[in-house]
Amino acid sequence: MNSYDLTDADPDGPSVDELAEIEREMPLIDAEVLLLDAQIAILCADPSPSDLDWQRVRRARKRVLREARALLAARAASSQAA
């Protein structure tokens, strides 16, 4: 069983702080979705993935790393300011 139980869910939805955190994470989430799309294209390529498909995966990986690094830097900066 997973650690998230629906009975623990807040009936009013996420708080303002939780929504703000999700908003801060959206660039990373978007980058991860693009990476997943690129990986799916590789898996579904017929007869085989093209060089452009592989380039798309590499670009998407770099974007995920860039967005993760930016998010971590922003978190570190906000924790130092507090």
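Report on the accompanying structure. Residue numbering note: each chain is counted from 1, following its sequence as written. For this predicted model, a pLDDT threshold of at least 70 governs which residues receive local features, and a threshold of 80 or more governs which side-chain atom pairs are given and counted, while totals over whole chains, interfaces and linings are taken from all residues. Heavy atoms from the whole structure form the basis of all side-chain values; hydrogens and water molecules are not counted.

Remarks on the side chain of Asp53
Looking at where Asp53 falls in the secondary structure, it is placed in helix α2 (residues 51-81). No salt bridge is formed by the buried Asp53, whose closest oppositely charged neighbour, Arg56, lies at an N-O distance of 5.4 Å. Between N or O atoms, a polar contact is any pair within 3.5 Å; within protein, one atom must be a potential hydrogen donor and the other a potential acceptor, and residues adjacent in sequence are included only when both atoms are from side chains. Of the polar contacts made by the side chain of Asp53, one reaches the backbone nitrogen of Ser50; its length is 3.0 Å. With residues up to four places along the chain from it excluded, the contact list for Asp53 reads Ile42 and Ala45. Secondary structure counts use DSSP, requiring at least four H or I residues in a row for a helix and at least two E residues in a row for a strand, with both numbered from the N terminus. The buried label goes to any residue with under 20% of its type's maximum accessible area, the exposed label to any with over 50%, and the partly exposed label to all in between, with areas taken from a 1.4 Å probe on protein chains only. Here Asp and Glu are counted as negative and Lys and Arg as positive; His is not counted, and neither are the chain ends. Salt bridges are identified by distance alone: a Lys or Arg side-chain nitrogen within 4 Å of an Asp or Glu carboxyl oxygen. Note on contacts: a residue pair is in contact if any heavy atoms of the two residues lie within 4.5 Å.

Things to note about the pattern of salt bridges
Using the criterion set out here, one finds 3 salt bridges in the structure. Put simply, Glu21 and Arg24 hold a salt bridge, and the shortest N to O gap is 2.8 Å. Taken together, the positions of Glu21 and Arg24, both in helix α1 (residues 16-44) and 3 residues apart, correspond to about one turn of that helix. Judged by its relative accessible area of 23%, Glu21 is partly exposed. According to the relative accessible area criterion, Arg24 is partly exposed, its value standing at 48%.

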